Every structure is written in structure tokens, then in C-alpha cells.
Amino acid sequence: MMNARETSGLHEFLGRQRWFAGKGRDFQIEGVHYLSWLSEPGAWPAVRIALVTVRYADGRDVDVYQVPLSYHQEQVDALAHAFVGEWDEPDLGRVFVHDALHDKAATRTYLGGLLKGATEPDVTFHRIGPLDVDAELPSLVLTGEQSNTSLVFGEDVLMKVFRRVHHGRNPDIEVHEAFARHGCGNVARMYGWLEGEWPDASGQRRRGDLAMFSDFFRTATDGWALAITSVRDLYAEADLHADEVGGDFAAESHRLGATTAEVHADLARYLPTDVWGPAELQELANTMRARLDDAVEAVPALAPYADGLRRAYDALAATTTPTPVQRIHGDFHLGQTMRTVGGWRIIDFEGEPARPWAERGRLDSPIRDVAAMLRSFDYAAQHLLAGHDHPDEHQLAYRATEWAERNRSAFCEGYGEVAGADPRENAVLLRAYETDKAVYEVVYEARTRPDWIGIPLTAVRRLAS
Ligand SMILES: Nc1ncnc2c1ncn2[C@@H]1O[C@H](COP(=O)(O)OP(=O)(O)O)[C@@H](O)[C@H]1O
Ligand SMILES: O=P(O)(O)O[C@H]1O[C@H](CO)[C@@H](O[C@H]2O[C@H](CO)[C@@H](O)[C@H](O)[C@H]2O)[C@H](O)[C@H]1O
């Protein structure tokens with residue numbers, strides 16, 4: 001039985017979390033399911049994971065959020081920012097409850113659990129391969145816009161806690177596990193993962209992935225930050241072209257293209273593949289058409305371009321060339337790439353957030369990822385102009401296009417050198433995927449960053465013409 005203090009503490013806590021997708025929506029907590037204690041009996045803080053079922057007032061959807069909690073016997077001032085509530089807990093008495101991921105005394109339980117390969121009936125730490133670190137390493141939560149919560153132990157191990165949980169395998173873990181077993185130097189090495197078991201809505205017990213442990217790239221900068229530094233340099237040098245500015249990014253884009261092709265090759269080597277014929281390509285075109293129809297309804301500014309965009313899908317539906325498909329990244333953009341001293345690394349294989357969970361791991365053409373990265377170069381080039389009036393806007397817009405074209409081209413060349421064919425040779429598929437991504441982005445920006453909607457709309461105008 002939930003007590004009123006516990007429910008209201010969790011409700012208020014969720015409402016102020018960056019990773020809570022229901023922010024701004026009216027919601028209620030329908031239930032809380034606790035997994036077994038991760039901490040030893042009698043140890044303080046006591047630590048366990050709450051799975052909180054949230055129902056929204058404006059829809060029929062339900063989400064299950066993972067909230068690891070730490071229980072203290074006294075108020076902890078240093079954890080005020082992570083305070084969830086104060087209530088009476090059977091067996092423990094009066095407890096002061098916090099978000100365990102911000103509580104260094106509590107996160108040790110996780111690293112210790114991984115090192116031991118600890119198992120309870122409903123929580124299991126799986127380890128892959130050796131891991132030689134001090135179990136007492138202190139943790140620090142990474143900041144940044146995230147849908148999950150990641151923290152780093154010392155400078156060695158990253159723990160990513162999936163906030164919205166689902167039954168079944170998490171594609172991020174599935175892909176990293178395959179890479180950890182077979183070896184792939186272009187992604188973070190996975191050390192293990194945490195799996196849980198809990199009842200679904202009908203009471204049936206189901207298993208799902210809760211967290212992933214991997215190598216932390218301590219020397220890395222993410223690709224988005226690097227790309228926009230280059231764009232800023234270009235804007236500052238009003239008289240120079242993209243290839244003449246010191247911060248030219250094309251060599252990095254070329255290398256990133258090559259790394260992407262290597263990761264695609266490894267995904268195809270270690271995970272299932274297939275070949276799509278005309279029927280599957282028509283089905284793909286229909287899915288893209290349906291997404292466009294929904295997008296036009298959600299964002300009427302798309303309507304004038306819809307017929308032009310549909311031509312890309314018509315061409316796709318008419319394609320008869322057999323198309324190889326495989327596991328792909330699914331939500332590829334510069335923010336999912338990290339430049340380390342050893343080269344580019346690719347992160348976050350969880351797939352596109354808008355896709356239903358069951359479809360995230362679907363086989364698809366690697367051209368989808370290429371198209372998504374091409375969109376990202378466009379974003380990087382234009383984001384400084386988004387939502388602002390510039391006196392020399394035309395000049396800057398021209399230069400932004402030049403930067404985007406240069407880097408898109410370098411990426412495709414780098415990709416082609418490893419894959420054996422430049423993805424631009426597959427023009428029909430590339431255009432259809434790029435169109436689909438731009439349509440997705442228009443809806444994404446309308447919902448999350450209306451100031452940025454001009455970026456994908458510019459692409460929509462180009463792709464529709
Ligand atoms: N292996 C890693 N090493 C260093 N930093 C990382 C690593 N993986 C992710 N990050 C950082 O954490 C951020 C969020 O990671 P990501 O896997 O994309 O989480 P989310 O699913 O919450 O978006 C990234 O933008 C990056 O800055
Ligand atoms: O990183 P996520 O998996 O949460 O992906 C979502 O958010 C991205 C925004 O951060 C969004 O990407 C879009 O904006 C990026 C710049 O911020 C740009 O580089 C991408 O090309 C653009 O699509 C992504 O689409 C969304 O799924």
C-alpha cells in the first residue's frame with residue numbers, strides 16, 4: 001500500500017525531472033512496485049529501485065519510470081537537491097528518501113553489485129569480461145539534456161540508468177552486448193547490465209533492462225560541440241570560405257563517415273540481417289507517408305510542401321532493387337558521436353524516441369543513419385541563426401549552406417571509402433530517409449524547441465522542390 005506522503009513526494013519529484021517526458025502534463029501515480037533491496041540488510045543508506053507507473057489525464061498512455069531511492073535515518077543537507085520525501089517505512093521507521101543516483105553513499109551499491117555479479121530473485125547484475133576497479137569509486141551524475149540518467153564512477157565506468165522502462169531487451173544493451181562479445185573498437189566497451197523482473201498490468205511477471213555499465217571516454221568531446229565550434233569560426237571569418245577557416249571540420253566529418261561505416265559493418269556481422277524486396281520497400285514508403293500525414297495534422301506549416309515530399313516516397317515505393325537491411329543506430333546525430341584521442345566513438349543505440357518500443361530493434365537500411373547524420377550537419381550549420389534576426393542573415397545563411405554541403409560530402413566520402421560505395425549513389429533511398437527525418441524533426445521541434453523549427457523547415461522546402 002502506498003502512503004499519501006510517498007505518493008505526493010514521488011509525484012512532485014517526477015514533475016521536476018528533466019528526463020520526465022510528462023512534464024507540463026497532468027498525471028497521477030497509479031502504482032509503485034519496489035524491487036528487492038540492493039543494499040545489505042541493516043545497512044544505511046538502504047537502497048532499492050521504485051518502478052513508478054504514471055497515468056496521464058489527457059491520454060490513455062501509461063509510462064513506467066525507474067526511480068532508484070536511497071533511504072536515510074536523518075535529513076541529509078548535501079542531498080537537498082535530490083530530496084524525494086519523508087515518510088514511515090515498514091521495518092525501517094521514519095525515513096528521509098532521496099534520488100539514489102545523486103547519493104554517492106548509495107551508488108556504491110551499484111558498482112559493488114556489478115563487481116560481485118549480485119543476484120536477487122528480481123534484480124540481477126550481469127557482468128561481461130573482467131573489470132578491475134575499486135568498488136568504492138565515488139560517482140558523479142553527468143549533466144546535459146538527457147532522457148536517461150548517466151553517472152560516472154571515478155573516471156572509469158559509466159552507468160546509464162534507463163528512466164522509462166519496458167519489458168524485453170533494451171536495444172542499447174543488445175547492441176553493446178554483441179559488440180562486447182565480439183569486439184568493436186568504435187563503441188564504448190560494455191562491462192555489464194542490470195536486469196529486473198516485475199509484474200505487468202495483468203500481473204504477469206516480465207523481465208526488462210534497467211541500467212548499462214560501460215567504459216567512460218574521459219578524453220572525449222561530443223561531435224555536436226566540435227561541429228558548432230567549427231561553424232562559429234566560419235561565421236566569425238566573414239570573408240573566408242569553409243575550407244579556408246582554421247576550424248574546418250571536413251577532415252573530422254570524413255573520419256566520422258568512415259567510423260560509421262565500420263560500425264554498420266560490425267552490426268551486420270554480429271546481429272541479424274535480411275534483404276528487402278519491392279513489397280517491403282512499399283511498406284516502408286507507406287510508413288513514411290503515414291508519418292507525413294500525421295505531421296501535417298500536427299504542424300500545418302508542413303501542408304504546402306506535402307505533395308512535393310510525397311514524391312520521394314513514391315520513388316521509394318517504385319524501387320525494385322533488393323535492399324540489404326540490418327540493425328542500425330536508429331537515432332543518429334552529432335550528439336551521439338564522441339571524438340576521443342583514439343578516434344570517433346558512437347553512443348546510444350536506443351533507437352528513435354518516437355518509435356514504439358517493440359519496433360526499436362527492427363532491421364532497417366544503414367542509409368537511414370547516413371541520412372540522419374546528413375540532417376545533423378544541416379542543424380549544426382544553421383543552429384546559430386535559429387530564432388534570431390541577424391543583420392547579415394542572407395550572407396550567413398549562404399555560408400551555413402556551404403559548411404553543411406562540405407561536411408555532408410566529406411562524411412559520405414569517408415563512409416564510401418570503408419563501405420565500398422558512396423551512400424549518395426543510393427539516391428532514392430537516401431532522399432526518402434532524409435525527407436522522413438526532416439518531417440520527424442519538424443514535429444520534434446514544434447513540441448520541444450519551437451525556436452528551432454526553421455531548421456528542419458528549410459530542409460523540407462529544399463526536399464519538396
Ligand atoms: N561512454 C561515454 N563516455 C563519456 N561520456 C559519455 C559516454 N556515453 C555517453 N556519454 C555522455 O552522456 C550523454 C548522454 O548519453 P546518451 O547515451 O546519449 O544518453 P541519453 O539516452 O540519456 O540521451 C552524451 O551526450 C555524452 O555527453
Ligand atoms: O538524443 P535523443 O535520442 O534524445 O534524440 C532526440 O533529440 C535530438 C536533439 O538533441 C534530436 O536531434 C535533432 O537536433 C540535433 C541538435 O540538437 C541535431 O543534431 C539532429 O540532427 C536533429 O535531428 C533527435 O532528432 C531526437 O530524436
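As the structure is a prediction and not an experimental result, all values here were calculated from the model.

**Concerning the site of ligand 1**
And step 1. Taken together, 16 residues lie around ligand 1, and Gln146, Asn148, Lys160, Asp215 and Phe217 are the ones closest in.
And step 2. Residue classes in the shell around ligand 1 are distributed as 7 nonpolar, 5 polar and 4 charged.

**Digging into the sheet that holds strand 16 (residues 343-346)**
And step 1. In space, the 3 strands of this open sheet follow the order 12-15-16, with antiparallel pairing throughout. With partners counted over all chains shown, the strands left at the sheet margins are strand 12 (221-222) and strand 16, one partner each.

**Brief notes about the domain arrangement of the chain**
And step 1. Taken domain by domain, the chain holds domain 1 (4-215) and domain 2 (221-464).
And step 2. The C-alpha-based centres of domain 1 and domain 2 are spaced at 32 Å.
And step 3. Summed over both partners, the interface of domain 1 with domain 2 comes to about 1,600 Å²; 60% of that surface belongs to carbon and sulfur atoms.
And step 4. Counting across the interface, domain 1 meets domain 2 through 2 salt bridges.
And step 5. For Asp348, the salt bridge is made with Lys160, and the minimal N-O distance between the two is 3.1 Å.

**Some remarks on the site of ligand 2**
And step 1. Every one of the 14 residues lining ligand 2 counts as a neighbour, but Asp331, Ser376, Tyr440, Glu441 and Tyr444 are closest to it.
And step 2. At a separation of 2.6 Å, an oxygen atom of ligand 2 approaches a polar side-chain atom of Tyr440.
And step 3. One of the side-chain N or O atoms of Tyr444 is found 2.8 Å from an oxygen atom in ligand 2.
And step 4. Contact with the protein chains hides 85% of the accessible area of ligand 2, taken as 530 Å² for the molecule alone.
And step 5. When residues of the shell around ligand 2 are traced back to their parent elements, those giving at least two are helix 8 (367-382) and helix 10 (427-448).
And step 6. Among the elements that line the shell around ligand 2, the one with the most residues is helix 10, at 4 residues.
And step 7. The class makeup of the residues in the shell around ligand 2 is 6 nonpolar, 3 polar and 5 charged.

**A look at the packing of aromatic side chains**
The relation between two aromatic rings is expressed through the spacing of the ring centres and the mutual angle of the planes.
And step 1. As enumerated under the stated definition, the model contains 16 aromatic pairs in all.
And step 2. What links up through ring pairs into an aromatic cluster is the set Phe13, Trp19, Phe20, Phe27 and Tyr65.
And step 3. For the cation-ring pair, Arg48 lies above Tyr34, with the distance from its terminal atom to the ring centre recorded as 3.7 Å.

**Remarks on the confidence of the model for the chain**
And step 1. Per-residue confidence for the chain averages 93 on the pLDDT scale, and 97% of its residues sit at or above 70.
And step 2. Interface confidence for the predicted complex, expressed as ipTM, amounts to 0.96; the pTM equals 0.93.

**A look at unusual backbone geometry**
And step 1. For the peptide bond that leads from Trp44 to Pro45, omega is -5°, which places it in the cis range.
And step 2. In this fold, Pro45 is placed in the loop between strand 1 (27-34) and strand 2 (46-56).
And step 3. The backbone phi angle of Asp348 is positive, close to 65°, even though this residue is not glycine.
And step 4. In this structure, Asp348 sits in the loop between strand 16 and helix 8.
And step 5. Overall, Asp348 belongs to the partly exposed group, its relative accessible area being 21%.

**Describing the packing of helix 8 against helix 9 (residues 393-419)**
When two helices pack together, their arrangement is captured by the angle between the axes and the distance separating the axes.
And step 1. At a closest axis distance of 8 Å, the pairing of helix 8 and helix 9 adopts a crossing angle of 150°. Considered as vectors, helix 8 and helix 9 are oriented roughly antiparallel to each other. In this structure, the crossing between helix 8 and helix 9 has a hand that is right-handed. Judged by residue contacts, Val370, Met373, Leu374, Arg375, Phe377, Asp378, Ala380, Ala381 and Gln382 of helix 8 engage Ala400, Trp403, Ala404, Asn407, Arg408, Phe411, Cys412 and Tyr415 from helix 9.
And step 2. Taken together, the residues of the contact of helix 8 with helix 9 break down into 12 nonpolar, 2 polar and 3 charged.

**Let's talk about the sheet that holds strand 8 (residues 149-153)**
And step 1. Spatially, 6 strands are ordered 6-10-11-9-8-7 in an open sheet, and the strand pairing comes out antiparallel. The two strands at the open ends of the sheet, each matched to only one other strand, are strand 6 (123-127) and strand 7 (139-141). Averaged over all adjacent pairs, the angle separating strand axes in this sheet is 25°, with direction ignored.
And step 2. Of the pairings in the sheet, the one linking strand 6 to strand 10 (residues 190-199) comprises 5 bridges and is antiparallel in character. What sits directly across from Phe125, in strand 10, is Leu194.
And step 3. Relative to the sheet, helix 2 (residues 104-116) contacts strand 6, strand 7, strand 8, strand 9 (157-161), strand 10 and strand 11 (205-215), its axis offset from that of strand 6 by approximately 60°.
And step 4. Where helix 3 (residues 171-182) meets the sheet, its contacts fall on strand 9, strand 10 and strand 11, and the angle it forms with strand 10 comes to roughly 145°.

Calculation rules
Residues numbered from 1 in each chain as written. Chains lettered and ligands numbered in written order. Predicted model: local features only at pLDDT ≥ 70, side-chain atom pairs only at ≥ 80, totals over all residues. Heavy atoms only, no water. Near = heavy atom within 4 Å. Nonpolar A, V, L, I, M, F, W, Y, C, P; charged D, E, K, R; others polar. Pairing = 2+ DSSP bridges. Helix = DSSP H or I, 4+ residues; strand = E, 2+ residues; numbered from the N terminus. Domains from an automatic or database assignment. Buried area = accessible area lost by both parts, 1.4 Å probe. Salt bridge = Lys/Arg side-chain N within 4 Å of Asp/Glu carboxyl O. Polar contact = N/O pair within 3.5 Å; in protein donor to acceptor, adjacent residues only side chain to side chain. Areas by Shrake-Rupley, 256 points an atom, 1.4 Å probe, with all protein chains shown as cover. Phe/Tyr/Trp six-rings, centres within 6.5 Å; stacked < 30°, edge-to-face > 60°. Lys NZ or Arg CZ within 6 Å of the ring centre and 35° of its normal. pLDDT = per-residue confidence, 0-100. Buried < 20%, exposed > 50% of the residue type's maximum accessible area, 1.4 Å probe, protein only. Axes fitted to C-alpha atoms, helices over the stretch in contact; angles between N-to-C directions. Parallel < 35°, antiparallel > 145°, perpendicular 65-115°, else oblique. Left-handed = near helix turned anticlockwise from the far one by under 90°. Contact = heavy atoms within 4.5 Å.

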